[in-house]
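# Residue-level structure breakdown
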Amino acid sequence: MSACLDWCCSKVPQRVVISVLCASAMIVIAFKRKCIEETINLVTVNVPHSSPDYTYNFNDTCPLTYEGTEEEADLQMVTEYNWSGTTTRLIHHTFFFSSALGLVPAGLLVHWHGPRIIFGNGLLISSMVCLFQPFLVSQGPYFFMASVIIQGFSLCVAFPCIITIMVRWAPDNERSTIVGTIFGSFSLGRAISLLVFHVAFTRSSNLLTSHYVGGAVGLLWCIVWFSLAYDSPTSNPYISELELSLFGPSRDSRRSPDVPWREIFKSRPFLVLLLITCADEWKFGMMHTVVLITYYEDTLHVHTDGLMRMVEVAAFPTAVLGGVLSDWFINNDIISRTMCRKIFSFVGVMVPTFLTVFITEIGCDPDHYIAWQILIFLLFGFTYGSIVVNAIDLSTRYAGLISAMTNTAGLFVSLFPAYVAYAIIKDTHRLSEWSMSLWVSAMIVTTLSVPYFLYASGEKQQWALSRRSATLSLSEVPDTDLTQDHPSDQNQEQHEKR
């Protein structure tokens, strides 16, 4: 068995193995998050929903296209739990806050101890908790809440771990492609999870069995991860000499106990990266939480069983395409790395934001709305190979920690789109109120994004170097500058003779 594994691993590029493992981890994480979401929906008291018994004939609304509520009543799932809406919202918020607050500590752990052990143990803990969650649900909401908090802290390690792994395992000429594909896999995982739940668990007498599937798949992933994953190419026994030569003599990812916090927070490229991450999360939160389903059901009056969210899978192919195009532009010196990050960020953030504004202008045809949403999510994918990978551009040494800090800010910002939208939208049937809300959202995204387009950088920052590297770089620079700014040695000797 061991000989067979050695033979198989020696035939496959090891950066491909690591990339596939990281991408599959994103799919597993998406499924586990879906398990938590569906469980929260299951245990919540169902409030009867009644459709209006009149038709809108105003210019500001779409016509009512369905009658009665028999189909909706069939979809109501009666359970033995019936937890209050306040309790389930609290559970949802604890998962959100544990995920957000755990990012920076996870980034520090990865920086100090390496990504392999932190990533593997994080998903191992999450998988074990996932297996016990059906039992914990039966014990009451606070037992389930405790498990959700553990899930949040254990799953949040994925982002800084994968970024740090890619520092070591993604060659510079393939960086955008690999990172874009991995993080785009989360959109693919969400679509797969929706499909699996629709086929296997919808109307099931025990939806909680999905946790057993998520836990088992997670444990299987952990076994493969600890068997095949290594912290760096130099520690991998299966890597070929040819592949090892792709990574150069040093990846500048050595662990350092000191983090230059002041220099990082004074760095303009870091600050604008943080701002556009917040803009990206606002854009996604507005579309995913507020617009996608609510507009479809309340404004267009079309019932959906949740499969409408399958349009999110459109972000995956463009995540791969955006990464490939970015690497091609950079490797062939067509545009600089900095300009490449700005262009693809603009395409992935600003263009879909303003396309969202014009949703109210495309009419009340549900098919037109779905086609428009597919176009918007297609553009979403271009951010994975630009904004996400920019942390590695700025600092290979602190990339995991930088991505943890920017995503912490982004997650907290993603709380606000729904509050802002519903502060403006008093009647979700009114197209004018939707239009005003979407324009306000677009202005916020623009305000957060413009500094990035002005001041972003795709180059390594001086504070990213270790003290020794910084000393060496400073000692090397004068050697070249002396020949330009100072007289030569011969002229100096003549000057001394005089």
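## With respect to the overall build of the protein
The helix and strand tally for the protein stands at 22 helices and zero strands. The buried share among the 498 residues of the protein stands at 53%. Expressed as a percentage of contacts within the protein between residues at least 6 apart in sequence, the contacts between residues at least 24 apart total 85%. Summing over all exposed atoms, the protein offers an accessible surface of approximately 23300 Å²; the carbon and sulfur share of this is 63%.

## Focus: the packing of helix H8 (residues 158-169) against helix H18 (residues 399-413)
Look at H8 against H18: their axes get within 8 Å of each other, and the N-to-C directions meet at 145°. Where H8 crosses over H18, the two elements pack in a sense that is right-handed. Residue-level inspection shows Phe159, Pro160, Ile163, Thr164 and Val167 of H8 in contact with H18, the latter providing Ala399, Gly400, Ser403, Ala404 and Asn407. Residues of the contact of H8 with H18, tallied by class, amount to six nonpolar, four polar and no charged.

## Describing helix H2 (residues 14-43)
Between the first and last C-alpha of H2 there are 44 Å, a value that for 30 residues agrees with the 44 Å anticipated at 1.5 Å per step. Within H2, 23 of the 30 residues are buried, which leaves the element mostly enclosed by the surrounding structure.

## Topic: a nonpolar patch on the surface
Side chains of Phe97, Leu101, Ile149 and Phe153 sit close together on the surface and give an oily, nonpolar patch of about 340 Å² of accessible area. If you list the elements that add at least two residues to the nonpolar patch, you get helix H4 (85-101) and helix H7 (141-155). Note that Phe153 resides in helix H7.

## Notes on the pattern of salt bridges
Evaluation of the coordinates by the stated rule reveals 10 salt bridges. Between Lys34 and Glu38 there is a salt bridge, with its nearest N and O atoms 2.8 Å apart. Of this pair, Lys34 and Glu38 both sit in helix H2, four residues apart, roughly one helical turn. Residues Lys34 and Glu38 agree in their burial class; the two are buried.

## Quick notes on the packing of H4 against helix H5 (residues 103-113)
For the pair H4 and H5, interaxial distance at closest approach is 4 Å and the crossing angle is 35°. Side by side, H4 and H5 meet where Ser99, Ala100 and Leu101 of the first sit next to Leu103, Val104 and Pro105 of the second. Of the residues that constitute the contact of H4 with H5, the class distribution is five nonpolar, one polar and no charged.

## Concerning the side chain of Glu38
Residue Glu38 is classed as buried on the basis of its relative accessible area of 19%. One polar contact links Glu38 to Lys34, side chain to side chain, over a distance of 2.8 Å. Residues within four places of Glu38 in sequence aside, it is in contact with Phe197 and Leu207.

## Describing unusual backbone geometry
Even without glycine at this site, Asp333 takes up a positive phi of about 55°. Structurally, the position occupied by Asp333 is in the loop between helix H14 (315-331) and helix H15 (337-357).

## Considerations on the packing of aromatic side chains
Pairs of aromatic rings are described using the distance from one ring centre to the other and the angle between the two planes. Evaluated as defined, the whole model comprises 24 aromatic pairs. For the ring pair Tyr295 and Tyr369, a centre distance of 5.2 Å and an interplane angle of 25° mean the geometry is stacked. With Tyr295 in helix H13 (residues 268-299) and Tyr369 in helix H16 (residues 366-380), the pair connects residues that are 74 residues apart, well separated along the chain. What makes Tyr295 buried here is its relative accessible area of 1%.

## With respect to helix H20 (residues 431-455)
The first and last C-alpha atoms of H20 sit 37 Å apart over 25 residues, in line with the 36 Å expected at 1.5 Å per residue. Approximately 30° is the largest bend angle found in H20, and it occurs at Leu448, with the proline Pro451 only one to four residues beyond.

## Looking at the environment of Met350
Relative to the helices and strands, Met350 resides in helix H15. If we ignore the near neighbours within four places in the chain, the residues touching Met350 are Ser345, Val445, Thr446, Ser449 and Phe453.

## What about the confidence of the model for the protein?
Taken residue by residue, the protein gives an average pLDDT of 82. The fraction at 70 or more is 81%. Low pLDDT (under 50) marks residues 48-55, which in the prediction has 10 contacts with non-local residues, meaning those over four places away or in another chain.

## Re the nonpolar core
Counting residues in hydrophobic clusters, the biggest one holds 98 residues, and the most contacted among them are Cys22, Phe119, Met166, Phe183, Val291 and Tyr369. Beyond its immediate sequence surroundings of up to four residues, Val291 is in contact with Met286, Tyr296, Ile359, Tyr369, Gln373, Trp434 and Leu438. Residues Val259, Val349, Phe453 and Ala464 belong to the second largest nonpolar core, which totals 28 residues.

Conventions adopted
Residues numbered from 1 in each chain as written. Predicted model: local features only at pLDDT ≥ 70, side-chain atom pairs only at ≥ 80, totals over all residues. Heavy atoms only, no water. Helix = DSSP H or I, 4+ residues; strand = E, 2+ residues; numbered from the N terminus. Buried < 20%, exposed > 50% of the residue type's maximum accessible area, 1.4 Å probe, protein only. Contact = heavy atoms within 4.5 Å. Areas by Shrake-Rupley, 256 points an atom, 1.4 Å probe, with all protein chains shown as cover. Axes fitted to C-alpha atoms, helices over the stretch in contact; angles between N-to-C directions. Left-handed = near helix turned anticlockwise from the far one by under 90°. Nonpolar A, V, L, I, M, F, W, Y, C, P; charged D, E, K, R; others polar. Expected span 1.5 Å × (residues − 1). Patch = residues over 30% accessible without salt bridge, like charges linked within 9 Å, V, L, I, M, F, W, Y side chains within 5 Å. Salt bridge = Lys/Arg side-chain N within 4 Å of Asp/Glu carboxyl O. Polar contact = N/O pair within 3.5 Å; in protein donor to acceptor, adjacent residues only side chain to side chain. Phe/Tyr/Trp six-rings, centres within 6.5 Å; stacked < 30°, edge-to-face > 60°. Bend = angle between axes of the 7 residues up to and from the residue. pLDDT = per-residue confidence, 0-100. Core = buried A, V, L, I, M, F, W, Y, C linked by side-chain atoms within 4.5 Å.

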